[in-house]
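Structure at a glance
Chain by chain, the residues:
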Amino acid sequence: MNNETIMKMGQEYVMNTYLRQPFALVRGQGSYVWDADGNKYLDMVSGIAVNNVGHCHPKVVEAIQKQAQELLHCSNLYWIEPQVQLAKMITDHSCGTKVFFCNSGAEANEGAIKLARKWASKKYGSGRYEIITALHSFHGRTLTALTATGQEKYQKGFEPLTPGFKYVPYNDLEAMTMAITPQTCAILLEPLQGEGGVYAATPEYMTGVKKLCEEHGLLLMFDEVQTGLGRTGKLFGYEHYGIEPDVFTLAKGLGGGVPIGAVVAKGEAAETFSPGEHASTFGGNPLATAAAIAALSAIIDEKMPQQAFEKGQYITEKFLALKEVHSCIQDVRGLGLLVGMELSFEAKPVQDYCLKKGIIINTVQNKVVRLVPPLNIPYEDIDKCIAVIAESLKVIEEGRAWKGQ
Ligand SMILES: *Cc1c(COP(=O)(O)O)cnc(C)c1O
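Residues numbered from 1 in each chain as written. Predicted model: local features only at pLDDT ≥ 70, side-chain atom pairs only at ≥ 80, totals over all residues. Heavy atoms only, no water.

Domain parsing of the chain yields domain 1 (3–56 + 303–402) and domain 2 (58–301). In this structure, domain 1 and domain 2 have C-alpha centres spaced 26 Å apart. Opposite the 30 residues of domain 1 that make contact, domain 2 presents 34 residues. Summing both partners gives a buried area of about 2400 Å² for domain 1 against domain 2, and 58% of it is carried by carbon and sulfur. If you sort the residues of domain 1 by the area they bury against domain 2, Leu335, Leu338 and Gln365 come out on top, with a joint share of 26%. On the surface where domain 1 and domain 2 come into contact, there are one salt bridge. Across the pair Arg370 and Glu195 runs a salt bridge, and its minimum N-O distance is 3.2 Å. (Domains from an automatic or database assignment. Contact = heavy atoms within 4.5 Å. Buried area = accessible area lost by both parts, 1.4 Å probe. Salt bridge = Lys/Arg side-chain N within 4 Å of Asp/Glu carboxyl O.)

This is the structure:
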């Protein structure tokens, strides 16, 4: 099938939940993808922070092929070798001591929220169930993850939402201090707000929130679904802040492209659940965990956090140089290879221009260009992308000047 046929069929049979580009991707290799008509694109989105190790990393492909011949699935009523190996690997490389596996980011956050409520009810008795999250946060689309998400636009029409959530402005320690009540059991935050416009937490905020959690006996929970697995220049985003969360969630980059999510907890929090209190049929199944072991090994062996740090700095420097000549660039921010460039106008025309030149980029909150390429993207591809973005800004600025905007 070609792009047109696939798109027409999709419009007829697939629910209309995404504003999709008019082509279908059928192949990927490294930082490149190909559509059904044979067009090649440089992928600066990587499945939105999923393909951290690039498309079809040979180690991931090999692990999937090997596991597919052995055992695709079995129930969590039995022990699963790659699952226990992956759990050990994650805890060996993080502050966590135990892991629960699920299948997506939203589901991981649901698991963390359930863990916090159960932990508080066991520790303090009933009535301590409130969780504080940030405005402009993003935690996923299941009803409770959506409730945790501090953005009304996503919640509209789905009321009544799950009770027990409270929202505060991000990076505002005083607001957080004021929001804590005797009903509070946990704080859930992203180390960097991705969907919210690429805003990183400040070190003072993170250490302040950690201190509040200790003082009030609250669980500190980080949503590392987008920031985890090397994306920000460290294996996990919290490492930038010299503090440790009690719980953090992973998904996106964990499986190298295969659906998998995880709730990682340490110490007392990690001992919260007993049999029957939380579960997932597919969670941590042999195929997904075998793929994740390979992806995580590649991230660690190929020093991808370091690569993300260096390339992120490289892109930021290039963008800051562009800012000197393009007054439409308002701000350049981010951590590692999660880079945001805020414009004074809608970023969509930049995205469209890049696409015409064979480069896939992404925008958030209308005015922010967000780059989330594979962590092993070659520098020459980064240069190619930056040259086209620069060109697009020039063309768009000239067009706007001509129209008197
Ligand atoms: C993408 C994302 C989610 C949701 O993950 P899904 O796998 O789509 O459910 C949750 N939190 C953050 C920070 C994300 O970026």
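Taken in spatial order, the seven strands of this open sheet run 4-12-11-10-7-5-6, and their pairing is mixed. Looking along the sheet, the strands with just one partner apiece sit at the ends: strand 4 (98–102) and strand 6 (165–168). Ignoring strand direction, the axes of neighbouring strands in this sheet form an average angle of 20°. By the bridge criterion, four bridges tie strand 7 (residues 184–189) to strand 10 (residues 219–223) in an arrangement that is parallel. By the bridge assignment for strand 10, Ile187 is matched with Leu220. Sheet strands touched by helix 5 (residues 105–124): strand 4, strand 5 (130–134), strand 6, strand 7, strand 10, strand 11 (247–250) and strand 12 (261–265). Its angle to strand 10, the strand with the most contacts, is close to 180°. Relative to strand 10, helix 9 (residues 203–216) is tilted by about 145°, and along the sheet it contacts strand 7 and strand 10. (Pairing = 2+ DSSP bridges. Helix = DSSP H or I, 4+ residues; strand = E, 2+ residues; numbered from the N terminus. Axes fitted to C-alpha atoms, helices over the stretch in contact; angles between N-to-C directions.)

A few words now on the pattern of salt bridges. Taken as a whole, this structure holds 16 salt bridges when the rule is applied. Lys8 is paired through a salt bridge with Glu4; the nearest N and O atoms lie 2.6 Å apart. Of this pair, Lys8 and Glu4 are both found in helix 1 (residues 3–13), four residues apart, which corresponds to roughly one turn of the helix. Lys8 gets classed as partly exposed once you look at its relative accessible area, which sits at 46%. Glu130 is paired through a salt bridge with Lys166; the nearest N and O atoms lie 3.7 Å apart. With Glu130 in strand 5 and Lys166 in strand 6, this pair connects stretches of sequence that are 36 residues apart. According to the relative accessible area criterion, Glu130 is buried, its value standing at 15%. The partly exposed category is assigned to Lys166, whose relative accessible area is 26%. Salt bridges sharing partners connect three or more residues here, namely Lys118, Lys122 and Glu277. (Buried < 20%, exposed > 50% of the residue type's maximum accessible area, 1.4 Å probe, protein only.)

So, about the packing of aromatic side chains. By the definition in use, this model includes eight aromatic pairs. Relative to Tyr124, the ring of Trp119 lies with its centre 5.7 Å away and its plane at 90°, an arrangement referred to as edge-to-face. Ring plane angle 50° and centroid distance 5.5 Å describe the contact between Tyr238 and Phe248, whose orientation is recorded as tilted. Taken as a pair, Tyr238 in the loop between strand 10 and strand 11 and Phe248 in strand 11 lie far apart in primary sequence, ten residues in all. Here Tyr238 falls in the buried class, since its relative accessible area comes to 5%. With a relative accessible area of 1%, Phe248 lands in the buried category. Three or more aromatic residues joined by ring pairs make a cluster, and in this case those are Phe236, Tyr238 and Phe248. (Phe/Tyr/Trp six-rings, centres within 6.5 Å; stacked < 30°, edge-to-face > 60°.)

Relative to strand 14 (residues 338–343), strand 13 (residues 329–335) runs antiparallel, the two being bridged by six bridges. Within the sheet, the bridge partner assigned to Gly334 lies in strand 14 and is Val339. In textbook terms, the turn of a hairpin is the stretch between consecutive antiparallel strands, and for strand 13 and strand 14 this stretch comprises two residues, one of which, Gly336, has a positive phi near 55°.

Looking now at the site of the ligand. Every residue close to the ligand is listed here: Ser104, Gly105, Ala106, Asn109, Phe138, His139, Gly140, Glu190, Asp223, Val225, Gln226 and Lys252. For the ligand, an oxygen atom lies 2.8 Å from a polar atom in the backbone of Gly105. Interatomic distance of 2.6 Å between a side-chain N/O atom of Lys252 and an oxygen atom of the ligand. Burial of the ligand by the protein chains amounts to 81% of its free accessible area of 380 Å². The element best represented in the shell around the ligand is helix 5, accounting for three residues. (Near = heavy atom within 4 Å. Polar contact = N/O pair within 3.5 Å; in protein donor to acceptor, adjacent residues only side chain to side chain. Areas by Shrake-Rupley, 256 points an atom, 1.4 Å probe, with all protein chains shown as cover.)

A word on the UniProt feature "binding site: pyridoxal 5'-phosphate" (unreviewed entry) in the chain. Under the present numbering, the feature "binding site: pyridoxal 5'-phosphate" (unreviewed entry) in UniProt falls on Gly105, Ala106, Phe138, Asp223, Glu224, Val225, Gln226 and Thr281. Over a stretch of 177 residues, the named residues are scattered through the fold, their C-alpha atoms separated by up to 25.2 Å. The exposure class of Phe138 is buried, given its relative accessible area of 17%. Sequence-distant contacts of Phe138, defined by excluding residues within four places in its chain, comprise Thr149, Gln151, Tyr154, Glu190, Glu195 and Asp223. Along the polypeptide, Gln226 turns up in the loop between strand 10 and strand 11. Leave out the neighbours within four places in its chain, and Gln226 touches Ala49, Gly194, Glu195, Arg231, Lys252, Leu338 and Arg370. (UniProt positions renumbered as here; feature names shortened; annotations may be inferred.)

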